Amino acid sequence: MATWFDEARLDDAGVLDTVDLRLRTLAESGARVRREAHEAATATAELIAAGRDGERPRAVIAAGPDSRLLRAVLEPWCPVPFVAWPNPGLPGWAGSLDLVVMLAPEGNDHGSASAVAEAVRRGAQVVVACPQRSLVGEHASGRHVTVLPTVTGDQLATAVVMLDYLAHVHLGPQADAASVAASLDDVATECSPHRDLAVNPAKMLAIAMADTNPLVWGGSVLAARAARRLAESLRRTSGRSAIAGDAEHLLPVIEATKPQDVFADPFAEEPADLRPLLLILDDRSDDPAVREQTGTLNAAAARHGVRVETLETDADAEVARYASLLLTGTYAAEYLRVGLVED
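Residues numbered from 1 in each chain as written. Predicted model: local features only at pLDDT ≥ 70, side-chain atom pairs only at ≥ 80, totals over all residues. Heavy atoms only, no water.

Its UniProt record gives the protein chain a comment under Sequence similarities (unreviewed entry), which states: "Belongs to the PGI/PMI family." (UniProt positions renumbered as here; feature names shortened; annotations may be inferred.)

Printed below as a string of structure tokens:
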């Protein structure tokens, strides 16, 4: 069965109506951030006011399966040792001098509940962002335990709530919910299904990826995290082997690409192999190493005839830039799903 891409479907109101729920969920990303910030505001203020006279913990441990997003934000900033622990339980050394933080958007993961219970047993200070009436919430009770209540089940919105607290106690960078939500709203407007593909960055990116296997790269820690999440979305929506990785992992794929046959018959019954496309997520990092790697990837792509697309953002803060890049890419992944047709 052959699969081809029909770009006319991206502006077909009838077709877009069939995926309205998925696109509406993306469009409401900013609203979910605002709602979570509002729900957790009182608990966050009380937690900050009850702080241990500004005393810093010995270490910060981000526990649970969603710890990788916190790591991407906090590792370059945290003034005390920081550990992301997505595995079950906690590190053996974690104890009463440490702060354990956890994102549990759904709150029903048994491993996360067990980690919280273990942190309570060891006497650690614990801050959990989760629904109050949930499995994790039930285990989050103790003298040094605080629940930041969440209601949407959205990972990013839940992370913003936690990061806002950590910024207030000087353990992480500013993660202003209003800024993140505004950036998400801007993306939702630019990538709206009602916006013509000629001026819609997500639809144009979907068209660019239509006949390719994307290689997604982000140079900074946060952009790399967004690249991995986006590659997951692309695999899910297209069934193709989209991959994300460090520059040294993607370079061999680019360099192994054969030159395109300019004499190939575009109407041949046998479909041509999908060529790679390098998708760069640019979060305006000024790190010299990132600039050097960007140049290396672009040069390799030019030598081997690999198309390059760059996704940029105008957001003014790190977390907002991450959110903007990821949401734009996720819109593109959904439009890719819309345009792919099986004969």
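Peer 1: I tried to follow the overall build of the protein chain on my own but got confused; where do I start?
Peer 2: Per the secondary structure count, the protein chain includes 13 helices and 11 strands. Taking 2.2 N^0.38 as the reference for a compact globule, 343 residues should give roughly 20 Å; the C-alpha atoms of the protein chain span a radius of gyration of 22 Å, in line with that estimate. If you line up the protein chain on its principal axes, its C-alpha atoms span 70 × 45 × 35 Å. Within the protein chain, buried positions represent 51% of all 343 residues. (Helix = DSSP H or I, 4+ residues; strand = E, 2+ residues; numbered from the N terminus. Rg over C-alpha atoms; globule rule 2.2 N^0.38 Å. Buried < 20%, exposed > 50% of the residue type's maximum accessible area, 1.4 Å probe, protein only.)

Peer 1: Looking at this structure, how should I read the pattern of salt bridges?
Peer 2: Side chains carrying opposite charge are able to pair once their charged atoms draw close together. Taken as a whole, this structure holds 12 salt bridges when the rule is applied. Across the pair Arg58 and Asp98 runs a salt bridge whose closest N-O atoms are separated by 2.6 Å. Here Asp98 lies in the loop between strand 3 (82–85) and strand 4 (99–103) and Arg58 lies in the loop between helix 3 (29–49) and strand 2 (60–63), a separation of 40 residues in the sequence. A relative accessible area of 41% means that Arg58 is categorised as partly exposed. Owing to a relative accessible area of 1%, Asp98 belongs among the buried residues under this scheme. We note a salt bridge from Glu334 to Arg337, for which the minimum N-O separation is 3.1 Å. You can see Glu334 and its partner Arg337 sitting in helix 13 (residues 318–339), three residues apart, about one turn around the helix. What makes Glu334 buried here is its relative accessible area of 10%. (Salt bridge = Lys/Arg side-chain N within 4 Å of Asp/Glu carboxyl O.)

Peer 1: Mind showing me how you'd approach the nonpolar core here?
Peer 2: Nonpolar side chains in soluble globular proteins generally cluster together in the buried interior. One finds Val101, Leu148, Met162, Leu279, Leu281 and Tyr331 to be the most contacted residues of the largest nonpolar core, which totals 80 residues. Each of domain 1 (3–28 + 180–342) and domain 2 (52–175) gives at least three residues to this core. Setting aside residues up to four positions removed in sequence, Tyr331 forms contacts with Leu23, Leu26, Ala27, Val187, Ala188, Cys191 and Ala202. Formed by 20 residues, the second largest nonpolar core is a distinct cluster that contains Met102, Val126, Ala140 and Val145. (Core = buried A, V, L, I, M, F, W, Y, C linked by side-chain atoms within 4.5 Å. Domains from an automatic or database assignment. Contact = heavy atoms within 4.5 Å.)

Peer 1: Help me understand the domain arrangement of the protein chain, please; the structure alone is not making it clear to me.
Peer 2: Accessible area lost during the coming together of the parts is what is often quoted as the interface size. Here the protein chain is partitioned into domain 1 (3–28 + 180–342) and domain 2 (52–175). Each partner contributes to the interface: domain 1 provides 10 residues, whereas domain 2 provides 11 residues. Of the roughly 920 Å² buried between domain 1 and domain 2, counting both surfaces, carbon and sulfur atoms make up 71%. Per-residue buried area on domain 1 facing domain 2 is highest for Val221, Arg225 and Val319; these three make up 47% of the total on that side. Scanning the region where domain 1 abuts domain 2 turns up zero salt bridges. Between domain 1 and domain 2 we count two residue pairs in polar contact (both at pLDDT 80 or more) in total. A per-class count over the side of domain 1 that touches domain 2 returns seven nonpolar, no polar and three charged. (Buried area = accessible area lost by both parts, 1.4 Å probe. Polar contact = N/O pair within 3.5 Å; in protein donor to acceptor, adjacent residues only side chain to side chain. Nonpolar A, V, L, I, M, F, W, Y, C, P; charged D, E, K, R; others polar.)

Peer 1: Sorry if this is basic, but what is going on with the sheet that holds strand 4 here?
Peer 2: Taken in spatial order, the five strands make up an open sheet running 3-2-4-5-6, and their pairing is parallel. For this open sheet the edge positions go to strand 3 and strand 6 (145–149), each flanked by a neighbour on one side alone. Adjacent strand axes in the sheet meet at a mean angle of 15 degrees, parallel and antiparallel pairs treated alike. With five bridges connecting them, strand 4 and strand 5 (residues 125–130) associate as parallel partners. By the bridge assignment for strand 5, Val100 is matched with Val126. The strands touched by helix 3 are strand 5 and strand 6; relative to strand 6, the strand with the most contacts, the crossing angle is about 160 degrees. Packed onto the sheet, helix 4 (residues 67–74) meets strand 2, strand 3 and strand 4 and runs at close to 160 degrees relative to strand 3. (Pairing = 2+ DSSP bridges. Axes fitted to C-alpha atoms, helices over the stretch in contact; angles between N-to-C directions.)

Peer 1: When you look at the environment of Arg307 in this model, what are you seeing that I'm missing?
Peer 2: As for its position among the elements, Arg307 is in strand 10 (residues 307–312). With 230 residues separating them in the primary sequence, Arg307 and Trp77 have C-alpha atoms 35 Å apart. Setting aside chain neighbours within four positions, we find Arg307 in contact with Ala208, Pro276, Leu277 and Leu278. A distance of 2.8 Å separates the side chain of Arg307 from the side chain of Glu309, its partner in a polar contact.

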